[in-house]
Amino acid sequence: MTDDRDPEATLNEWQDAMQAEHEEAIENPDPDEEHRIEGVAQVSYRLYFEYDPETASLERARKVKVDELSDPELRSCACGVRGMTPAEALTHVEAAREQS
């Protein structure tokens, strides 16, 4: 038996369904869950190493911060909603507060 479905159309349908589910979770948070917005950010450092002949190893000698801490592009909620833009995260937490 062959599958005559168009793979591109199937992918588009799946993406549309996932987007709708994501929007629903953002706009209608579960009132029984904790809602705390969080994100992960990195600050880069340049690390310098010196060779230690006694241990035949490289040891960290110093570090220099090369950029500043910035807010992450995507946010998550402790309730499990992931991949929200800052605006979506705000909508989500405001909706959660309206429910309580």
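Summary of the structure given here. (Residues numbered from 1 in each chain as written. Predicted model: local features only at pLDDT ≥ 70, side-chain atom pairs only at ≥ 80, totals over all residues. Heavy atoms only, no water.)

1. Some remarks on the environment of glutamate 33
Link 1 in the chain: Looking at the element boundaries, glutamate 33 is found in the loop between helix H1 (7-27) and strand S1 (37-38).
Link 2 in the chain: Spatially, the C-alpha atom of glutamate 33 lies 9.0 Å from that of glycine 80, the residues being 47 residues apart in sequence. (Helix = DSSP H or I, 4+ residues; strand = E, 2+ residues; numbered from the N terminus.)

2. Focus on the nonpolar core
Link 1 in the chain: Counting residues in hydrophobic clusters, the biggest one holds five residues: Ile26, Cys77, Val81, Met84 and Ala89.
Link 2 in the chain: Residue contacts for isoleucine 26: discarding those within four places in its chain leaves Val81, Met84, Glu88, Thr91, His92 and Ala95. (Core = buried A, V, L, I, M, F, W, Y, C linked by side-chain atoms within 4.5 Å. Buried < 20%, exposed > 50% of the residue type's maximum accessible area, 1.4 Å probe, protein only. Contact = heavy atoms within 4.5 Å.)

3. Structural notes on the packing of aromatic side chains
Link 1 in the chain: By the definition in use, this model includes zero aromatic pairs.
Link 2 in the chain: A cation over an aromatic ring shows up here: lysine 63 above the ring of tyrosine 45, its NZ or CZ 5.1 Å from the ring centre. (Phe/Tyr/Trp six-rings, centres within 6.5 Å; stacked < 30°, edge-to-face > 60°. Lys NZ or Arg CZ within 6 Å of the ring centre and 35° of its normal.)

4. A closer look at the packing of H1 against helix H2 (residues 86-99)
Link 1 in the chain: One way to put it is that H1 packs onto H2 with a least axis distance of 7 Å and a crossing angle of 50 degrees. The angle between the axes of H1 and H2 places the two elements in the oblique class. Taken together, the residues of H2 that come into contact with H1 (itself represented by His22, Ala25, Ile26 and Glu27) are Glu88, Thr91, His92 and Ala95.
Link 2 in the chain: Its residues assigned to classes, the contact of H1 with H2 comprises three nonpolar, three polar and two charged. (Axes fitted to C-alpha atoms, helices over the stretch in contact; angles between N-to-C directions. Parallel < 35°, antiparallel > 145°, perpendicular 65-115°, else oblique. Nonpolar A, V, L, I, M, F, W, Y, C, P; charged D, E, K, R; others polar.)

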